[in-house]
Amino acid sequence: MSECVFCDRNKITTDFVYEDDLVMAFMDSEPINEGHILVIPKEHYLDADEIPDEILARLMIISKKVVAALKEIYKPNGYSIMQNGGAFNDIGHYHLHIFPRYTGDGFSWAYSKENKAANKEVAKIIRDRIH
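Below, the structure is looked at part by part.

Rules and cut-offs
- All residue numbers here refer to positions counted from 1 along the written sequence of the relevant chain.
- Residue-level local features of this predicted model are given only where pLDDT is at least 70; pairs of side-chain atoms are given and counted only at 80 or more, and the full residue set underlies all totals for whole chains, interfaces and linings.
- Note that water and hydrogens are dropped before the side-chain values are worked out from all heavy atoms of the structure.
- Runs of H or I in DSSP of at least four residues are treated as helices and runs of E of at least two as strands, each being numbered from the N terminus.
- In a helix, the anticipated span is given by 1.5 Å times the number of residues less one.
- Only protein chains enter the calculation, and the probe is 1.4 Å; a residue is then buried if its accessible area is under 20% of its type maximum, exposed if over 50%, and partly exposed in between.
- Of all possible arcs, the one meant is that of the directions from the helix axis to the C-beta atoms.
- Whether two residues touch is decided by their heavy atoms; if any such pair falls within 4.5 Å, the residues are in contact.
- We call two strands paired when DSSP finds no fewer than two bridges between them.
- A fitted line through C-alpha atoms serves as each axis, taken over the contacting stretch for helices, and the angle formed by two N-to-C directions is quoted from 0 to 180°.

## Examining helix H1 (residues 53-74)
Thought 1: An ideal rise of 1.5 Å per residue puts 32 Å on 22 residues; H1 measures up with 31 Å between its terminal C-alpha atoms.
Thought 2: Among all positions in H1, only Ile55, Leu59, Ile62, Ser63, Val66, Val67 and Leu70 are buried. Along H1, the residues classed as buried sweep out an arc of 155° about the axis, all on the same side. Exposed positions of H1 whose direction lies more than 90 degrees from the buried face are Asp53, Glu54, Lys64, Lys65 and Glu72.
Thought 3: Along its buried surface, H1 packs onto strand E1 (16-19), strand E2 (23-27), strand E3 (37-41), strand E4 (78-82) and strand E5 (96-101).
Thought 4: Lys75, located one to two residues past H1, shows a positive phi value of around 50°.

Structure, rendered in structure tokens:
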């Protein structure tokens, strides 16, 4: 594994907002909106399905607290929590983005024009794998 910037706390150059024995939360160095925070596990993982349940639960508990703080401080119209997995994880270390959202803030999801329909067969395959 190549050297991971998130695995060495000293290489994280932004301000921390939270840290315990399992997770850390700190300001994003390239924020989408002011208040953009990253929440990460201290141990190195790429994807959610690799993370032990205890750590994954802690990530979500801290995310909830971050959301509450952002709502109180910024009074946004809403917020986004997102995580990019696999090849779309540009850091290579699991991280949740949490940031306040405002009507007209310019952030959006991009969709292709291709028509996609959810279907019963795919839902059944996924259901069978989850149970």
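## Things to note about the sheet that holds E3
Thought 1: In spatial order, the strands read E1-E2-E3-E5-E4; together these five strands make up an open sheet with antiparallel pairing. The open sheet is flanked by E1 and E4, the only strands paired with a single partner. Geometrically, the sheet is characterised by an average inter-axis angle of 15° between neighbouring strands, direction not taken into account.
Thought 2: Each of E1, E2, E3, E4 and E5 is contacted by H1, which is oriented at about 20° to E5, the strand it contacts most.

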